[in-house]
Amino acid sequence: MTTKAPANRMKKQLKLHNQLLWWSAACMVIWMISGICHPLMSWLGPKQVAFKPPVFESHSLTSHSLEMIPNILTHVESSGILEEKELRVVKVVPTNDEPLLQLTITDRGEMDNRPESNPVREYFSLQTGELVPKHDELQARWLASYYTGKPESDIVNIQLKKEFDNAYPWVNRLLPVYLVTFKGEEQLTAFVHTETMALASLTNETKSLIQTVFQILHTFNFLDDQKNLRVAGVFMAMLCLIGMSISGFMLVLLIRSRKIKQVGRRWHRRLAYIVIVPLFAWSITGAYHLIQMAYVESASGMRLAKPLDLEAITRNQFVDGEGFDYVGFEDSLVGVSINAVSLVQLDSKPLMYRVSASKQAHSTAEHMDHKQKLVQKYQGQSSEKVALYFDAATRLKLGGNNEDKYRAVELALQFSGSTQDQVTSVSRVTRFGPDYDFRNKRLPVWKVALNNDEQSVLFIDPTTGILVDQTHWLDRPERWAFSILHKWNFLTPFIGRFNRDVLVVVVGCLSLVLTGLGLYIRLKRRTKIKKAKASSPNTEQLGELG
């Protein structure tokens, strides 16, 4: 009895393994080849030459420039520009010429305040206070040239994208963006987000082709219109691979280690030791990710803060005086460059200027090699070294990071509808990681954890007051599993992103070799059985011979 039980279990596992062979082989080829496409997009795709947004020097911003802001906003309020519209973000941003005031305007009462709800960006001169017409497209051209190193004269096409599609999928997060195409056989294309001054994506024909293969084979995006069919097909394929990896693992345990004469079978077993656990992890986290993304409503996504109260300006929030406290302002910014100056507002606070500044050693990135730049891109490095607040009415300097922290908490409570006693922790995020990755583009942000029904964690951009991302308790296990077990991000701190991708590709290729050996062994065995049947006489032939 004791000797038969393991033998029976082994026979059952071997039968299951053989039954799943053909389906699993097809699935393995499809998902391994498409999975390998993902790092190939990074390796073979175009490379940006700048990795940080542009800045402007502090001397280019004068007290006159800052005092022009309330005049511009008062004009905007009275001119009808905001008829049926709402003002969401007010920033001073660098341009190819001089700093301009950038206004982000949305339709009034836009559902959920989402930035992809078709905002319009207008620009005003800080010298004259006049509208700079159609500058948003010019800003996109300048940013595309800045990030790619290509001259603006090489741009052959530019268009505003308001929706995600196969060329610019939802994982890029930012909308609307400008699609900027440069001349050349490879059709270099940059996707630029003018509010964050970020390069949202960079592609060319080679990367687009690889991305298309990935989307068709890995996510079955050709079935997007038939969601249930797509989910059922991919999920069954994942179950097939899960069953194959479990049965293979059981066979490794049940079949005692011995010297195997056949070279193919010997290497099949050796590779199984390497591939089985990664295959199981990829398959089960892939199935988990599929179901979560298809049927669990995600908390992720950006949301704009409440509209700015422009009536506060007309109620003399900006008072006359000797002008902006420029001496204190100038002393605070010695040896730094300005990323942006934004006008911010909270219910419990007056209108304030927020100055985001970085060290002028910004150019150190120019001395990095491409590998170091990629590390910086995916790990992120906040260019903001100091945040300064000035009361817009009194021109008095307020607290820096303390004011930032206070605003982040109050904004998080506004977005979530929670109360102060539900805040469990507040921290400043200056690097990308598993819970806040590089696709969000914005650094620094404030991470606010809440003890509410959803156990929410919110990430707030202090420059604009935008809710960049958020997670609930139901999202975080899947995010962790997908990041750690599917994408192997646990290796990144030890061996780096590039070496991690190389290791993933190597294991993926070994999985294909394992699959090929399995098919070879199965076909060879089938051929051997057929030959044996053909060479041995059957019953009728024996009767005739008798």
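Structural data are supplied above this passage.
An account of the accompanying structure is given in this report. (Residues numbered from 1 in each chain as written. Predicted model: local features only at pLDDT ≥ 70, side-chain atom pairs only at ≥ 80, totals over all residues. Heavy atoms only, no water.)

Here we come to the overall build of the protein. Each helix and strand in the protein was counted, giving 14 helices and 17 strands. A burial count over the protein gives 48% of its 546 residues as buried. Of the contacts formed within the protein by residues at least 6 apart in sequence, a portion of 65% connects residues at least 24 apart. (Helix = DSSP H or I, 4+ residues; strand = E, 2+ residues; numbered from the N terminus. Buried < 20%, exposed > 50% of the residue type's maximum accessible area, 1.4 Å probe, protein only. Contact = heavy atoms within 4.5 Å.)

This paragraph deals with the packing of helix H6 (residues 227-254) against helix H7 (residues 263-295). Between H6 and H7, the least distance of the axes is 8 Å, while the angle of their chain directions is 155°. Relative to H7, H6 is oriented roughly antiparallel. Viewed along their axes, H6 and H7 form a crossing whose handedness is left-handed. For the contact of H6 with H7, the class distribution of residues is 21 nonpolar, 4 polar and 3 charged. (Axes fitted to C-alpha atoms, helices over the stretch in contact; angles between N-to-C directions. Parallel < 35°, antiparallel > 145°, perpendicular 65-115°, else oblique. Left-handed = near helix turned anticlockwise from the far one by under 90°. Nonpolar A, V, L, I, M, F, W, Y, C, P; charged D, E, K, R; others polar.)

The next point concerns the pattern of salt bridges. For the structure shown, the criterion picks out 15 salt bridges. A salt bridge links Glu137 to Arg141; its shortest N-O distance comes to 3.9 Å. With Glu137 and Arg141 both in helix H4 (residues 135-148) and 4 residues apart, the pair spans about one turn of that helix. (Salt bridge = Lys/Arg side-chain N within 4 Å of Asp/Glu carboxyl O.)

Here we take up the packing of aromatic side chains. This structure, assessed with the given rule, holds 10 aromatic pairs. Relative to Phe220, the ring of Trp31 has its centre 5.5 Å away and its plane inclined at 25°; by these criteria the two rings are stacked. Of this pair, Trp31 sits in helix H2 (residues 21-44) while Phe220 sits in the loop between helix H5 (205-218) and H6, placing them 189 residues apart in sequence. For the pair formed by Trp31 and Phe220, the shared burial category is buried. Taking the centre distance of 5.6 Å and the plane angle of 50° together, the rings of Trp43 and Phe498 count as tilted. A residue pair is termed long-range when its members are at least 10 positions apart, and Trp43 in helix H2 and Phe498 in helix H13 (residues 492-535) qualify at 455 residues. What makes Phe498 partly exposed here is its relative accessible area of 43%. Through pairs of rings, three or more aromatic residues link up here, namely Trp31, Phe220 and Phe222. Above the plane of the ring of Trp267 lies Arg270, whose end atom (NZ or CZ) is 4.7 Å from the centre. (Phe/Tyr/Trp six-rings, centres within 6.5 Å; stacked < 30°, edge-to-face > 60°. Lys NZ or Arg CZ within 6 Å of the ring centre and 35° of its normal.)

What follows is about the sheet that holds strand S7 (residues 177-182). Read from one edge of the open sheet, 4 strands run S6-S7-S8-S9, paired in antiparallel fashion. At either end of the open sheet lies a strand with only one pairing partner, and these are strand S6 (155-161) and strand S9 (198-203). Going from strand to strand, the sheet's axes swing by 20° on average, the running direction of each strand aside. In this structure, strand S8 (residues 189-193) lies alongside S9, joined through 5 bridges in antiparallel fashion. Bridge pairing in S9 places Phe191 opposite Ser201. On the sheet, H4 packs against S6, S7, S8 and S9 and is oriented at approximately 55° with respect to S7. (Pairing = 2+ DSSP bridges.)

Further remarks concern the environment of Leu510. Residue placement: Leu510 occurs in helix H13. Here Leu510 is in contact with Leu271, Ile274 and Val275, once residues within four sequence places are set aside.

Let's shift gears to the pairing of S9. Within S9, 6 of the 6 residues are buried, leaving the element largely enclosed by the surrounding structure. Between S8 and S9, which pair antiparallel one after the other, the connecting turn spans 4 residues, and Met197 there sits at a positive phi close to 55°.

What follows concerns a nonpolar patch on the surface. Taken together, Phe164, Trp170 and Met293 make up a surface patch of nonpolar side chains, about 290 Å² in accessible area. Mapped onto the fold, Phe164 is located in the loop between S6 and S7. (Patch = residues over 30% accessible without salt bridge, like charges linked within 9 Å, V, L, I, M, F, W, Y side chains within 5 Å. Areas by Shrake-Rupley, 256 points an atom, 1.4 Å probe, with all protein chains shown as cover.)

What follows covers the environment of Glu163. Residue placement: Glu163 occurs in the loop between S6 and S7. Look at Glu163 and you get exposed, because its relative accessible area is 60%. Spatially, the C-alpha atoms of Glu163 and Leu175 are 7.0 Å apart, while their sequence positions differ by 12 residues.

The values reported here are purely geometric and, on their own, carry no functional implication.
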